[in-house]
6 protein chains.
Amino acid sequence: MEVTVNRKAHFNAAHRLYRKDWSAEKNDAIFGKCNNPNFHGHNYELIVSVTGEIDKNTGFVVDMKVLKKLIKIEIEDALDHKNLNLEVPEFKELNPTAENIAVVIYNKLKPKLNAKLALEITLYETPRNFVKYSGK
Amino acid sequence: MEVTVNRKAHFNAAHRLYRKDWSAEKNDAIFGKCNNPNFHGHNYELIVSVTGEIDKNTGFVVDMKVLKKLIKIEIEDALDHKNLNLEVPEFKELNPTAENIAVVIYNKLKPKLNAKLALEITLYETPRNFVKYSGK
Amino acid sequence: MEVTVNRKAHFNAAHRLYRKDWSAEKNDAIFGKCNNPNFHGHNYELIVSVTGEIDKNTGFVVDMKVLKKLIKIEIEDALDHKNLNLEVPEFKELNPTAENIAVVIYNKLKPKLNAKLALEITLYETPRNFVKYSGK
Amino acid sequence: MEVTVNRKAHFNAAHRLYRKDWSAEKNDAIFGKCNNPNFHGHNYELIVSVTGEIDKNTGFVVDMKVLKKLIKIEIEDALDHKNLNLEVPEFKELNPTAENIAVVIYNKLKPKLNAKLALEITLYETPRNFVKYSGK
Amino acid sequence: MEVTVNRKAHFNAAHRLYRKDWSAEKNDAIFGKCNNPNFHGHNYELIVSVTGEIDKNTGFVVDMKVLKKLIKIEIEDALDHKNLNLEVPEFKELNPTAENIAVVIYNKLKPKLNAKLALEITLYETPRNFVKYSGK
Amino acid sequence: MEVTVNRKAHFNAAHRLYRKDWSAEKNDAIFGKCNNPNFHGHNYELIVSVTGEIDKNTGFVVDMKVLKKLIKIEIEDALDHKNLNLEVPEFKELNPTAENIAVVIYNKLKPKLNAKLALEITLYETPRNFVKYSGK
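Everything quoted here is computed from the prediction, not taken from an experiment.

Q: When you look at the overall build of chain A in this model, what are you seeing that I'm missing?
A: For chain A, the count of helices and strands is four helices and five strands. Along chain A, helices and strands appear, N-terminal first, in the series β-α-β-α-β-α-α-β-β. By principal-axis analysis of the C-alpha atoms, chain A measures approximately 60 × 25 × 25 Å. Sequence separation of 24 or more characterises 67% of the internal contacts of chain A that already satisfy a separation of 6 or more.

Next up, the structure:
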């Protein structure tokens, strides 16, 4: 019996959408006010979804306490109250769009989970905009 | 890397569930108080979900500003503060159930999106009832 | 010890904002698309707040089961799936704005409660617009 | 046209996570404070999702009134204000983790639905932890 | 300038509403299924609201980090994953209704705060039922 | 009859909590990770609450369309996608804590409203932290 368990977490961060190799005009045309050179920010709300067989012994797919701690160490400690562009190595050359942040979170968590477990990341950039990525 | 981006929107509308070709008794039996001939209404909360590859240049699957404007023009302007039965051509002969409204919204948005993008519509008729349609 | 107990409820209804004694032009100027003669509608989410002393015997300010039933009979049965303008007597001559609906709900519930209890009505017309009335 | 309709419901219950055949030490090591022998509890929020073809006659996948009543009889009446370990037969020998509760709910509802309909259960144990099961 | 700062927290607990000095019949008549002798439970969502002058030096009414830790130590550690009737001394002789739990939380936190600060407790027993207490 | 009408709005911004006249050590001790010199950010969710008499002619306390536009011009255009410390004049010498931002929003809106209307600002810095200010 395959079940998906989901855990919510959150982090607050500043970011700016732009490409160093584009002109200011092109950055403005594509990214609009998200290209503010002084940064803006979000409360990112995160749902980590892990799919796998229920362990007959425990009744768990994964131990939520373990998953919660993993998200704390790998994601919240790395991203919370940070400037994504300036302080998070993954975004040195990668534009921190919600799409790319979801991929980065997936790539940080996937190798830490049992390889039999499937992973999906849902990331709310605002209560009205959110993205999903599941490694496909 | 395939990501789903989701944008929330909303519209308020009046509707009535019934079929012209059924008797009042049959309409009441099937649709209950939703068959009130004087109409009732809802705050429809909409999630438009678009799945596709992340554009390497922008880091976007779709530009949210463009998607937001498309939803405004195609859906909100067409349905907001309307009587679905009397004023929305798609429901002239189609019962405006949540299921059918989701299909109509899908059919209005799909041709406006790049053909490579998959679309899913989530429509909340109330905070307790909602439907999903993805063109299958 | 004075405590406020709050109970959520909801009803869906159609309405139209306008005054019979105003011209169509004036109604449009003041009420905009809310003046659609074919009606539009909302999911009204209601919070009924009752303030009073905790009963030493029960530990209750009011019995929630009793309050829930009262809201069902007085408010949900009267307003749910109704056209407020055409079917609810209180709005025969009263414009069904959120403000006025809250006052009507207050006036319907207040006489049914123990006179020692204070009442406040919170009414969400949409998740983004809501009103409060407490009989002052 | 295949649509998923979703209905929210809820029940409150006490439970304890443990295995009779394990020592107190092992139960504590695996289940932590969830192994409190005096029980703790949750407001379980449930989403029942049913997927199928839209009926051309009604515009419904399933009649929400029927689905609502089914959830009331099969799930809410069986689980609400209960001690899952002591009073619900399905958990006599089964640890009432969120995962296992979702499977039990699925197994109770599936045979009551038209066999052509697919079913998915989403169960929130807290606003921050939830699981999904769809019979796979 | 007087501002209210609000911090959300939560705990899960089992409880039972009843009075030892009443007959089983009377307890059932008043407390219904909340009188289940095997207990039931809730996810209690808590809002702690503290009102006072903004400190000119910090721009804070209270330091949220300090308030968060205080709630953790005084409330979450005392009530989370507990059986309120059996394990929490304040409810040895006091019926753990939402009203009484809010009063107990107020009485635990008030002496730990600067005496100039006003305190209000909002406690959600379920997403649909909640109470407020401010020491009056 | 006095009613409070409430309108939700939102803006995203970057900020940093610190005082220029304090040492880095003191800023760190008081503001912790909120003192990150590279900034972090939030989705600020705003509720503007206006209390006054219901206008007998319209049934409104204030016209929500007018209030919505006022919030757009005075608050969203001024604060959305901005760095509060660097780009918003009110925070040149004022620490942009949630408390101070609420006061600034109050002071921007109050003079634009009819003097008979009372105003309260509720500002969510995160879904778990929020403040209220009503000019007292």
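Q: Please clarify how the side chain of Glu99 of chain A should be interpreted in this entry.
A: The topology assignment puts Glu99 of chain A in helix 4 (residues 98-109). Buried Glu99 of chain A, no salt bridge; nearest opposite-charge side chain is Lys65 of chain B, N-O distance 11 Å. A polar contact of 2.9 Å, which involves the side chain of Glu99 of chain A, links it to the backbone nitrogen of Val61 of chain B. The residues contacting Glu99 of chain A, other than those within four sequence positions of it, are Val131 of chain A together with Val3, Val5, Ile54, Gly59, Phe60, Val61 and Val62 of chain B.

Q: I keep staring at the pattern of salt bridges and nothing clicks. Help me out?
A: Any two side chains of opposite charge can pair, given that their charged atoms come close. Residues and elements named next belong to chain A. Tallying each qualifying case throughout the model produces 48 salt bridges over all chains. A salt bridge links Lys72 to Asp77; its shortest N-O distance comes to 2.6 Å. Overall, Lys72 belongs to the partly exposed group, its relative accessible area being 39%. For Asp77, a relative accessible area of 41% translates into the label partly exposed.

Q: Would you mind going over helix 2 (residues 64-79) of chain B with me for this structure?
A: Since the α-helix turns once every 3.6 residues, residues separated by three or four places project in the same direction. For helix 2 of chain B, which comprises 16 residues, the first-to-last C-alpha distance of 21 Å matches the rise-based estimate of 22 Å (1.5 Å per residue) to within 8%. Among all positions of helix 2 of chain B, only Met64, Leu67, Leu70, Ile71, Glu74, Ile75, Glu76 and Leu79 of chain B are buried. Tucked into the core, helix 2 of chain B has its buried residues touching strand 5 (129-133) of chain A together with strand 1 (2-15), strand 2 (40-53), strand 3 (82-83), helix 3 (84-87) and helix 4 (98-109) of chain B. Structurally, the start of helix 2 of chain B carries an N-cap: the backbone nitrogen of Lys65 of chain B is 2.9 Å from a side-chain oxygen of Asp63 of chain B. Following helix 2 of chain B by one or two positions, His81 of chain B has its phi on the positive side, about 60°.

Q: What exactly am I supposed to notice about the interface of chain B and chain C here?
A: The extent of an interface is frequently quoted as the accessible surface area lost upon association of the parts. The interface is formed by 24 residues belonging to chain B together with 24 residues belonging to chain C. The contact between chain B and chain C buries some 1,900 Å² in all, and 46% of this surface belongs to carbon and sulfur atoms. With a closest N to O distance of 2.6 Å, Lys33 of chain C and Asp80 of chain B form a salt bridge. Counting across the interface, chain B meets chain C through 21 residue pairs in polar contact (both at pLDDT 80 or more). Ranked by residue count, the leading element in the side of chain B that touches chain C is strand 2 of chain B, at five residues. By residue class, the composition of the side of chain B that touches chain C is six nonpolar, eleven polar and seven charged.

Q: In this structure, what is going on with helix 4 (residues 98-109) of chain E? I would like to understand it.
A: All names here are of chain E. Given a rise of 1.5 Å per residue, twelve residues ought to cover 16 Å, and the 17 Å separating the end C-alpha atoms of helix 4 matches this to within 8%. Of all twelve residues in helix 4, eleven are buried; the element is thus mostly enclosed. Within the span of helix 4, buried status applies to Ala98, Glu99, Asn100, Ile101, Ala102, Val103, Val104, Ile105, Tyr106, Lys108 and Leu109.

Q: Can you help me understand the relation of the copies chain A and chain F in this one?
A: Superposing chain A onto chain F requires a rotation of 180° together with a translation of 0.0 Å along the rotation axis, leaving an RMSD of 0.0 Å. What we have between these two chains is a two-fold relation.

Q: Which parts of the structure should I look at to understand the interface of chain A and chain F?
A: Counting from both sides, the interface comprises 24 residues of chain A and, opposite them, 24 residues of chain F. Between chain A and chain F, the buried area comes to about 2,000 Å², and carbon and sulfur atoms account for 46% of it. When the buried area of chain A at its contact with chain F is split by residue, Asn38, Asn43 and His81 of chain A rank highest and sum to 30% of it. In this assembly, chain A and chain F are joined by four salt bridges. For Arg128 of chain A, the salt bridge goes to Glu45 of chain F, with nearest N and O atoms at 2.8 Å. At the surface where chain A touches chain F, the tally comes to 21 residue pairs in polar contact (both at pLDDT 80 or more). Going through the elements one at a time, strand 1 (2-15), strand 2 (40-53), strand 3 (82-83), helix 3 (84-87) and strand 4 (118-126) of chain A are the ones with two or more residues in the side of chain A that touches chain F. Of the residues contributing to the side of chain A that touches chain F, the split by class is six nonpolar, eleven polar and seven charged.

Q: Would you explain the packing of helix 2 (residues 64-79) of chain A against helix 4 of chain A in this entry?
A: Working note: a packed helix pair is described by the angle between its axes plus the distance between those axes. Residues and elements named next belong to chain A. Taken N-terminus to C-terminus, the directions of helix 2 and helix 4 make an angle of 140°; their axes are 10 Å apart at the nearest point. By the criterion of interaxial angle, the relationship of helix 2 to helix 4 is oblique. The element helix 2 and its partner helix 4 pack so that their crossing is right-handed. Residue-level inspection shows Leu70, Glu74, Ile75, Ala78 and Leu79 of helix 2 in contact with helix 4, the latter providing Ile105, Lys108 and Leu109.

Q: Please clarify how the packing of aromatic side chains should be interpreted in this entry.
A: The relation between two aromatic rings is expressed through the spacing of the ring centres and the mutual angle of the planes. Evaluation of the coordinates by the stated rule reveals 30 aromatic pairs over all chains. Relative to Tyr44 of chain B, the ring of Phe11 of chain B lies with its centre 5.0 Å away and its plane at 20°, an arrangement referred to as stacked. Residue Phe11 of chain B is found in strand 1, and its partner Tyr44 of chain B is found in strand 2; the two are separated by 33 residues along the sequence. In this structure Phe11 of chain B comes out as buried when scored by relative accessible area, which is 0%. Residue Tyr44 of chain B is classed as buried on the basis of its relative accessible area of 0%. Put simply, the rings of Trp22 and Phe31 of chain A together with Phe60 of chain B pair up and form one aromatic cluster.

Q: Whenever I open this one, the arrangement of the chains confuses me. Can you help?
A: Kept free of each other, chain C and chain D leave a smallest C-alpha distance of 14 Å between them. With no contact formed, the shortest span from any C-alpha in chain A to any C-alpha in chain E equals 14 Å.

Q: How should the pairing of strand 1 (residues 2-15) of chain E be read in this particular structure?
A: Every other side chain in a regular strand lies on the same face of the sheet, so the side chains alternate between the two faces. With respect to burial, strand 1 of chain E is a largely interior element, eleven of its 14 residues being buried. Bridging between strand 1 of chain E and strand 2 (residues 40-53) of chain E involves 14 bridges; their strand directions are antiparallel. Opposite Phe11 of chain E, over in strand 2 of chain E, you have Tyr44 of chain E as the bridge partner. With five bridges connecting them, strand 1 of chain E and strand 5 (residues 129-133) of chain F associate as antiparallel partners. Residue pairing in the sheet places Val5 of chain E in a bridge with Val131 of chain F of strand 5 of chain F. In this sheet, strand 3 (residues 82-83) of chain E lies alongside strand 1 of chain E in parallel orientation, the contact comprising two bridges. Looking at strand 3 of chain E, one finds that Ala14 of chain E is bridged to Asn83 of chain E.

Q: How do you make sense of the confidence of the model for chain A when you look at a structure like this?
A: Close inspection of predicted coordinates is inappropriate in any region flagged by low pLDDT. Of the residues in chain A, 100% reach a pLDDT of 70 or more, and the chain-wide mean stands at 97. Here the predicted complex carries an ipTM of 0.95, next to a pTM of 0.96.

Q: It is not clear to me how the nonpolar core should be interpreted in this structure. Could you clarify?
A: Within soluble globular proteins, side chains that are nonpolar tend to cluster in buried spots. Formed by 108 residues in total, the largest nonpolar core has its most connected members in Ile105 of chain C, Ile105 of chain E together with Ile105 of chain F. Within the second largest apolar cluster, 107 residues are counted, among which are Ile105 of chain A together with Phe11, Tyr44 and Tyr106 of chain B.

Q: Teacher, can you tell me more about the environment of Gly135 of chain C here?
A: Residue and element names in this part refer to chain C. Mapped onto the elements of the fold, Gly135 is located in the segment after strand 5 (129-133). We classify Gly135 as partly exposed; its relative accessible area is 36%. Separated by 115 residues in sequence, Gly135 and Lys20 have C-alpha atoms that sit 27 Å apart.

Q: Explain the side chain of Asn85 of chain E to me, please; I cannot follow it from the model alone.
A: Residue and element names in this part refer to chain E. One can find Asn85 in helix 3 (residues 84-87). Engagement of the side chain of Asn85 in a polar contact is seen with the backbone oxygen of Arg16, the distance being 2.8 Å. Once residues lying within four places of it in the same chain are set aside, the contact partners of Asn85 are His15, Arg16, Tyr18, Phe39, Phe91 and Pro96.

Q: It is not clear to me how the pairing of strand 5 of chain C should be interpreted in this structure. Could you clarify?
A: Residue and element names in this part refer to chain C. In terms of burial, strand 5 is largely enclosed, as four of its five residues are buried. Direction of pairing for strand 4 (residues 118-126) relative to strand 5: antiparallel, over a ladder of five bridges. Among the inter-strand pairings, Thr122 is bridged to a residue of strand 5, identified as Lys132. Counting the residues in the hairpin turn of strand 4 and strand 5 gives two residues.

Conventions we followed
Residues numbered from 1 in each chain as written. Chains lettered and ligands numbered in written order. Predicted model: local features only at pLDDT ≥ 70, side-chain atom pairs only at ≥ 80, totals over all residues. Heavy atoms only, no water. Helix = DSSP H or I, 4+ residues; strand = E, 2+ residues; numbered from the N terminus. Contact = heavy atoms within 4.5 Å. Buried < 20%, exposed > 50% of the residue type's maximum accessible area, 1.4 Å probe, protein only. Lys, Arg positive; Asp, Glu negative; His and termini not counted. Salt bridge = Lys/Arg side-chain N within 4 Å of Asp/Glu carboxyl O. Polar contact = N/O pair within 3.5 Å; in protein donor to acceptor, adjacent residues only side chain to side chain. Expected span 1.5 Å × (residues − 1). Buried area = accessible area lost by both parts, 1.4 Å probe. Nonpolar A, V, L, I, M, F, W, Y, C, P; charged D, E, K, R; others polar. Least-squares fit on C-alpha atoms with pLDDT ≥ 70 in both. Axes fitted to C-alpha atoms, helices over the stretch in contact; angles between N-to-C directions. Parallel < 35°, antiparallel > 145°, perpendicular 65-115°, else oblique. Left-handed = near helix turned anticlockwise from the far one by under 90°. Phe/Tyr/Trp six-rings, centres within 6.5 Å; stacked < 30°, edge-to-face > 60°. Pairing = 2+ DSSP bridges. pLDDT = per-residue confidence, 0-100. Core = buried A, V, L, I, M, F, W, Y, C linked by side-chain atoms within 4.5 Å.

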